[in-house]
Amino acid sequence: MALQVYTASLLKEGLVAYLCLEDGASSWTSDIRGATAGDGDLLETLKIAAEKAERDNLIIAPYVVDVLEAENGWKATTKREQIRADGPTIALPRDASAASTTDEGRKAA
Amino acid sequence: MYQYSEQDHQLLLERVEQFRGQVQRRLKGQLSEDEFKHQRLRNGLYLQLHAYMLRVAIPYGLLSAEQMRTLAHIARKYDKGYGHFSTRQNIQYNWPKLEDVPNILDDLAAVEMHAIQTSGNCIRNTTSDPLAGVARDEVEDPRPYCELIRQWSTFHPEFNFLPRKFKIAVTGAVGDRAAVAVHDIGLKLIQGPDGENGFEVYVGGGLGRTPMIGKLIRKYLPKEDMLTYLEAILRVYNQLGRRDNLYKARIKILVHETGEEKFRKLIEAEWQQIKATGLYLREQDIERIKGFFKDPDYQELPDTDADFENLLLSDPEFGRWADKNIDQHKQSGYRIVYLSLKSVNQPPGDVTADQMDAIADLADKYSLGQIRTTHRQNLVLSDVQLKDLVPLWQELKALDLATPNYNHLTDIISCPGLDFCALATARSIPISQAITERFDNYDFINDLGDLSINISGCINACGHHHVANIGILGVNKKGEEVYQLTLGGSAREDASIGKIIGPAFGADQIVDAIGDVLGVYLENREDPEETFLTAYRRLGQAPFKEKLYG
Ligand code: HEM
Ligand code: SF4
């Protein structure tokens, strides 16, 4: 059985976020690699934290994603979730005039 | 172009302020997502795979230069510097922040635009012929009727919660450039038996998981009765449409299950009740709206221009563009120009903020300050003088908007697919890009002639794959993205739904498969005049199947 992480969208920005739990404190990161993955009791704790974040209006639409361990951390198992984690697989259109405001995929938005 | 009344302005501003309040309450936690979701969708704001997505309505695809500049400004200030023009002639922004949306809507309202009824189970933006008012094959300009429908359907209280979304398209020409056959209602202006213009009324067309061609429910509807008849159709649908099953909720299923004849009778019966109500359009009502769409003051010009003709002879690159991306205009000395949003460098339908600004400037300079969006995700400058074609082409080339491919192989319709869409089962943009790159050869594209390829990233069929000559549907098969080919569809006046040719192809095989299909056509066509579609209809699936699956 694969481990799972919690993902959601940030209410204000709409951007993708993953739940991290450290020493009982929860936070949301845009990087799936640094998310907290678990099953069993840990997953239950993650669920409670995600539901609280939803009630606190930090995030919307939380759900779980299957992950496997990759070189630098967790990686989603499905294509959909890989694309959701990494951003569109195509180059976004961009103007030369906008070149100075660098855009590392969606993460910098 | 239609100009808002004082009341229209007021209504829109009130709506923006209302939404601003809702957003503020949501951000403060006074509204839950369940409560708010409905309100944001009512204002065109979806949640997609990576971010929110805002869909802005472009009524019947008509934009002023000023509106285009506002779209550019929004892309630059609130989004990632680009927008996506959709097959429904609207524009979508893929990255707005919730807190910015009220300001975006404010900016839109200032130029008489909004995102109302671009989502949800209501009457959506009415689409039309991008060549309305300038096409040579036009019976009558459809835009005044689109505008009347817009006014009738916007905030129509009875039709705010239909069983499902509802899309209306209107064309006034012989050639169908608005895909009226695959809309919930398609209206086609024709000359009636008494010499007066009226409508053919098609009902129950649609795509999605059950694609259907609309049925001709009324052969001739007097113009004055347009709204009463639409009201009758919508009322019957609202009462009888399948609210119990999402997949059966569109009007196409109601028409199909009821049967054409019985459905026609239901509409006629309802119509008799409301025929004489206030929705009956008097001559003066129609004339008033027509006043907004009068012909501009065209100059009397010869239909030749020396510079244009010289360059046609001396510069093959210009010749290629002129051959593909220019159309005849009803007025001597003018031409219609297609701006291709299908270069190898950008996803189909995408335009950057700088490009939008430049297009607005070009519209002001060369085309009476207006731009149209098309069902095939391109743009049109509708009123360009012959003498301006050369400088316009030079500027379009510099903007990468002059790929000579209109209605040809690489003029691909593509939905956002799995790169953006939360409902997707596979990516569509990379496939369109791979096809465009592989066949980026003018002579080959030119030799193939008139041809459409459309791609959807799931069965919802936003990319209209069912009605492409060559349709591609991305599906997820055991975790792999694979692509199903359908052949023989058409979205035009000879509309038809394509047929699946066989088992799906892998992402690494689909471009080769397209190459094989094109090869079979080239080998078997009677002569270069026989289009892909005509050849396919003559040959049937067999030779294509044989080549693809051996
Ligand atoms: C937020 C992204 C989108 C979502 C969630 C979405 C959702 C859907 C769904 C669920 C359907 C099927 C409706 C049915 O069969 O009853 C549909 C159909 C359709 N959508 Fe989209 N869509 C999206 C983006 C787009 C885009 C970008 C375009 C234009 C390129 C588009 C144009 C259409 C069209 C033309 C149809 C088929 C016509 C019809 O039968 O309604 N959609 N869409
Ligand atoms: S066809 Fe499917 S993948 Fe494409 S935009 Fe529509 S819902 Fe999304």
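Residues numbered from 1 in each chain as written. Chains lettered and ligands numbered in written order. Predicted model: local features only at pLDDT ≥ 70, side-chain atom pairs only at ≥ 80, totals over all residues. Heavy atoms only, no water.

Participant: Please give an account of the site of ligand 1 that cites residues and values.
Facilitator: All names here are of chain B. In the vicinity of ligand 1 there are 22 residues, among which Met53, Lys165, Lys167, Arg250 and Cys462 approach most closely. One nitrogen or oxygen atom from the side chain of Lys165 is found 3.2 Å from a nitrogen atom belonging to ligand 1. Lys167 has a polar side-chain atom sitting 2.7 Å from an oxygen atom of ligand 1. (Near = heavy atom within 4 Å. Polar contact = N/O pair within 3.5 Å; in protein donor to acceptor, adjacent residues only side chain to side chain.)

Participant: How would you summarise the sheet that holds strand S3 (residues 25-29) of chain A if you had to cite specific residues and measurements?
Facilitator: All names here are of chain A. Spatial ordering of the open sheet is given by S3-S2-S1-S4-S5, a layout of 5 strands whose pairing is antiparallel. With partners counted over all chains shown, the strands left at the sheet margins are S3 and strand S5 (73-76), one partner each. For this sheet, the mean angle separating the axes of adjacent strands, direction not counted, is 45°. Pairing of strand S4 (residues 59-70) with S5, which is carried by 4 bridges, proceeds in the antiparallel orientation. In the strand pairing of S5, Ala70 is matched with Gly73. (Pairing = 2+ DSSP bridges. Helix = DSSP H or I, 4+ residues; strand = E, 2+ residues; numbered from the N terminus. Axes fitted to C-alpha atoms, helices over the stretch in contact; angles between N-to-C directions.)

Participant: Which residues make up the domain arrangement of chain B, and what are the values?
Facilitator: Residue and element names in this part refer to chain B. As far as domains go, chain B holds domain 1 (6-110), domain 2 (134-292), domain 3 (306-398) and domain 4 (413-549). Facing the 21 residues of domain 1 at the interface are 23 residues of domain 3. Together, the buried faces of domain 1 and domain 3 total about 1800 Å²; carbon and sulfur atoms form 54% of this surface. In terms of surface lost to domain 3, no three residues of domain 1 exceed Met68, Arg69 and Phe85, which account for 30% of the buried area on that side. At the boundary of domain 1 and domain 3, one finds 4 salt bridges. Close ionic contact of Arg69 with Asp364 constitutes a salt bridge, the shortest N to O distance being 2.7 Å. (Domains from an automatic or database assignment. Contact = heavy atoms within 4.5 Å. Buried area = accessible area lost by both parts, 1.4 Å probe. Salt bridge = Lys/Arg side-chain N within 4 Å of Asp/Glu carboxyl O.)

Participant: I'd like to hear about the pairing of strand S9 (residues 197-203) of chain B, residue by residue, with values.
Facilitator: Residues and elements named next belong to chain B. Counting buried positions along S9 yields 7 of 7 residues, so the element is predominantly enclosed. Two elements, strand S8 (residues 185-191) and S9, share 7 bridges in a ladder whose sense is antiparallel. Of the residues in S9, the one forming a bridge with Leu187 is Val201. Between the end of S8 and the start of S9, which pair antiparallel, lie 5 residues, with Gly195 showing a positive phi angle near 85°. Where S9 lies against strand S10 (residues 215-222), 5 bridges are found, and the strand directions are antiparallel. Residue pairing for S10: Tyr202 is matched across the bridge by Leu216. (Buried < 20%, exposed > 50% of the residue type's maximum accessible area, 1.4 Å probe, protein only.)

Participant: Which residues make up helix H7 (residues 251-258) of chain B, and what values do they have?
Facilitator: Owing to its 3.6 residues per turn, the α-helix aligns residues three or four sequence positions apart on the same side. Residues and elements named next belong to chain B. Taken as a whole, H7 has its buried residues at Ile251, Lys252, Ile253, Leu254 and Val255. Structurally, H7 contributes buried residues whose contacts are with S9, S10, helix H6 (226-240) and helix H8 (260-274). A positive backbone phi angle near 95° is found at Gly259, which sits one or two residues after H7.

Participant: So what about the sheet that holds strand S3 (residues 62-64) of chain B? Which residues, and what values?
Facilitator: Residues and elements named next belong to chain B. With respect to topology, 5 strands assemble into an open sheet ordered S3-S14-S15-S12-S11, the strand pairing being antiparallel. With partners counted over all chains shown, the strands left at the sheet margins are S3 and strand S11 (326-328), one partner each. Shown here is a sheet whose adjacent strand axes are inclined to one another by a mean of 30°, direction ignored. Pairing geometry for strand S12 (residues 334-339) and strand S15 (residues 379-385), over 5 bridges, is antiparallel. Residue Tyr338 lies in a different strand from S15, and its bridge partner there is Val380. Contacting S11, S12 and S15, helix H13 (residues 389-398) runs over the sheet at an angle of about 5° to S12.

Participant: I'd love a proper account of the side chain of Asp95 of chain A, names of residues and values included.
Facilitator: Looking at the element boundaries, Asp95 of chain A is found in the segment after helix H2 (79-86). With no salt bridge to any partner, buried Asp95 of chain A finds its closest opposite charge in Arg76 of chain B, at an N-O distance of 5.0 Å. A polar contact of 2.4 Å, which involves the side chain of Asp95 of chain A, links it to the side chain of Thr352 of chain B. At 2.8 Å, the side chain of Asp95 of chain A forms a polar contact with the backbone nitrogen of Asp354 of chain B. Not counting residues up to four positions away in its chain, the partners in contact with Asp95 of chain A are Gly81, Thr352, Ala353, Asp354 and Gln355 of chain B. (Lys, Arg positive; Asp, Glu negative; His and termini not counted.)

Participant: Help me get a handle on empty space enclosed by the protein, residues and values and all.
Facilitator: Residue and element names in this part refer to chain B. Inspection of every chain in the model, using the stated rule, returns 6 cavities of 30 Å³ or more. Here the largest cavity is characterised by a volume of approximately 130 Å³. For the largest cavity, the full set of lining residues is Ala57, Pro59, His114, Ile116, Gln117, Ile123, Arg124, Asn125, Thr126, Arg150, Ser153 and Thr154. Of the residues in the lining of the largest cavity, the class split is 4 nonpolar, 6 polar and 2 charged. (1 Å grid on protein atoms, 1.4 Å probe; cavity = no way out; pocket = protein on both sides within 12 Å on 5 of 7 lines; lining within 4 Å. Points joined across faces, edges and corners; volume = space filled by probe spheres on them. Nonpolar A, V, L, I, M, F, W, Y, C, P; charged D, E, K, R; others polar.)

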